[in-house]
Amino acid sequence: MLDLRRAAAIIFALVGVLPLLLFVFFLWHFDLAARTEAQMGLFLALVVAVLGYAVFHRMIARISSLARAVDVAAPVDATGSRAPVDHGAVAGLGPVVEIGELANAFSRMLADLRASTERLEDLVFKLGTLNEMVEMASKIPHIQDLLADVLERTMRAVHARIGSIMLLDRDRQTLKVVAARGHSTEVLGGPEVRVGEGVSGKAVQLGEPVLVEDIETDPRFGKPNDPKYGGGSFICMPLRVADRIIGVVNLAMKQSVGGTSTAPPFSRTDLQFLNTLMTYTAYAVDNARLLEEAQDAARKLNEVVEDQQLRLTLAQQQMIQAAKLSALGELVAGVSHELNNPLAVLQGSVELLTDEAPEAMKPHLVVMQRSIDRAGRIVQGLLTFGRKRPLQRQRVSLRRLLDQVLDVSAADLRLARVTVETEVAPDVADIWADDHQLQQVLLNLVTNAKQALADIVGERRLRVSIRALDGERVTIVVEDNGPGIAPELVPTIFDPFVSTKGVRGTGLGLSISYGIVREHGGHIAVQSRLGSGARFTIDLPVGALEPELPAPSPVPAPGLSGALILLAEDDESLREILRGRLEQEGYRTRSAASAEEALGKLNGEVQMVISDLHLPGVDGLAFYREAVSRVPVLKRRFLFITAGAIPEAECRALDLDQGRVLQKPFTRQQLLEAVREALG
């Protein structure tokens, strides 16, 4: 095998020496060699040939040294020796070493250029992926969608086959898989990894990426690799926002059967790219998480606002209802005052007539008495509705109260063919309330239900249930299977004069019930649909119960026989009835139509005063204080009678002085008992 120098000598001999020998042959053949000109020409030709050979030889030597210098970078095979040279063959000379070396050098240059081009394409692809990630982060608001897309693009950029993203729970210091590709389905939502444990836990603890050439043989991990990542190259990259780590990204290249990797391991370039990419990814994930938290907070805030708006609407409705009731209360209080005076006169007149009337008249007087009693109850209800009648609270058993209401209504319910069902929970406690007023509320609801069921064909059911809500409140539910309440009437059903009975109802029953329940600190509501009956729910506080004291043994008060009683009443008819009742019992009386007149007749002989609470010209309490200052013994022998409400200030003053009040209309027996108690 020739080298380049020998090949150059042969070529020079062929192209330089042979033509010179032919020239000498022709000179000799034609007898020209003896001539001086020919010899000089031959000498010059020889000199030119020698010089040309020297230049050509030096040029070939330079080319040969360059070829050998290029051949030094030849690739090395697995045994450590240089790869065989592909010798170039020259026609007529055979293989030439330097030409083969140049050919191999150019081949290697092309291979290096191709590898550089591939690396450049990979970098361009990664740069494009990075650019796409930056744009994508601002377009995907949902964190789960963002994580899935981030993982897919990251794996594609570094040619990973298996990958997962784990987010950090800072409170519990655990990592949990939230996105995965190339895994089985049980990886998502699988076991959590604590910080400091496993590859991912250590990456979070150290705050640095972990690059492993072969996860199965790497000495930094003391236990066999979890088979979900297979073998081969593995990288764990923390997701970092400033100085805070929010999770990690795990990427792996799985080996095929036989241990040969299907792709090269992760490189430092991949690590640098992932470090840059994960910086943007971490901020995008954190921003998406913050956005979801903000949206969740906004949703909760919106729910709170809607709830507060509903509460405000209900409060406004209650205020409107309270304003209506307050205005109407002032009206009915005045009407009640004007009604009670004539009712008191009628009550006294009926009692006088009953004592003197023949037997044939007494049934009519009984009817009159019932009408007076009914009118009195209506007036008392109006006073309660107008919040002008103070509650007379006591310990009330709701079970007993319900039995009393049903006993009163039993006959009417039986005639109306209404089936009554009751349910009283055993843990219902007694409440602190006015039993007469609550009885009125239940009676109103039962009566309304009975009237609503009158038009029902078939079974007519009324159900009353009482349950304890907690240790502080109880609820009473009255429901029927009647025709229900029209939707347009439900919002105003507790307004005064609103009735579902047409001309048969006054529209005051539910309004009065509403006022009583509200006065007790409770709430009453209705639920109804046409054709599905009505359901009234009463919510009442238990209240602070006072201990029950044993009832004292009744001791009849002797009174003062023939005591002088001063009557101060502006209604002449009622004044005369009172005078007649008292004198009939043996008492002496003095009458006055005003406070001034009463004070003029007041002296030490007067042993008791009966006065209207609202006398013309002077307030009843002012009259009381003046009378007591003149005759101190009258402090506990003062009886007020009133047809209307007692103002709160006067009520407190009377309670302080232990004053007595008798509400009009009252019976003769009630009057005499009050007098005997005052004089006793």
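Up top is the structure these notes are about.
Overview of the structure. Each chain carries its own residue numbering, running from 1 in the direction its sequence is written. In keeping with the model being predicted, local features are shown solely for residues with a pLDDT of at least 70 and side-chain atom pairs are shown and tallied solely at 80 or more, while totals for entire chains, interfaces and linings include all residues. The side-chain values count all of the structure's non-hydrogen atoms but skip hydrogen atoms and water molecules.

Once that is clear, we can look at the nonpolar core. With 43 residues, the main nonpolar core has L398, I431, I476, F494, F536, I538 and L540 as its most contacted residues. Secondary structure elements are defined from DSSP: runs of H or I of at least 4 residues count as helices, runs of E of at least 2 residues count as strands, and each element is numbered from the N terminus. Counting residues per element, the ones that place at least two in this core are α8 (398-415), β11 (431-433), α9 (435-452), β12 (461-468), β13 (473-480), α10 (509-519), β14 (523-528) and β15 (534-541). Contacts are assigned to residue pairs that have any heavy atoms within 4.5 Å of one another. Residues in contact with F536, not counting those within four places in the same chain, are L445, I476, V477, V478, I485, F494, L510, A525 and V526. Throughout this description, the term nonpolar core refers to a set of buried Ala, Val, Leu, Ile, Met, Phe, Trp, Tyr and Cys residues connected via side-chain atoms within 4.5 Å. When accessible area is computed with a 1.4 Å probe and restricted to protein chains, residues below 20% of their type maximum are described as buried, those above 50% as exposed, and intermediate ones as partly exposed. Counting residues in hydrophobic clusters, the runner-up holds 32 residues, among them L146, V178, M253 and F266.

Another aspect to go through is the pairing of strand β17 (residues 588-592). Here the rule is simple: two strands pair whenever DSSP picks up at least two bridges between them. Inspection of the sheet shows strand β16 (residues 564-568) paired to β17 by five bridges, in the parallel sense. Bridge pairing links L567 to S591 in β17. By convention, a crossover is right-handed whenever its connection, traced from the first strand over the helix to the second and viewed with the strands pointing away, goes clockwise. Handedness of the β16-helix α11 (residues 572-584)-β17 crossover: right-handed.

The aromatic pairing rule takes the rings of Phe, Tyr and Trp, using the six-membered ring of Trp, and pairs them if the centres are within 6.5 Å, calling planes under 30 degrees apart stacked, those over 60 edge-to-face and the rest tilted. Tallied over the full model, the rule gives six aromatic pairs. Ring centres of F494 and Y514 lie 5.6 Å apart, and the angle between their planes is 35 degrees; this geometry places the pair in the tilted category. You can see F494 sitting in the loop between β13 and α10 and its partner Y514 sitting in helix α10, a full 20 residues away along the chain. With respect to burial, F494 and Y514 carry one shared label: buried. Measuring from ring centre to ring centre gives 5.0 Å for Y624 and F638, while their planes differ by 85 degrees; the resulting arrangement is edge-to-face. Placement of the pair is Y624 in helix α13 (residues 620-630) and F638 in strand β19 (residues 638-642), with a sequence separation of 14 residues. By relative accessible area, which is 2% here, F638 ends up buried.

Residue count minus one, scaled by 1.5 Å, sets the expected span of a helix. The first and last C-alpha atoms of helix α15 (residues 668-679) sit 17 Å apart over 12 residues, in line with the 16 Å expected at 1.5 Å per residue. For α15, every residue scored as buried is listed here: L671, L672, A674, V675, A678 and L679. For α15, the angular spread of buried residues about the axis comes to 160 degrees, placing them on one side. Looking at the buried positions of α15, the neighbouring elements they touch are β16, α11, β18 (608-612), β19 and β20 (660-663). Here the arc refers to the set of directions running from the helix axis out to each C-beta atom.

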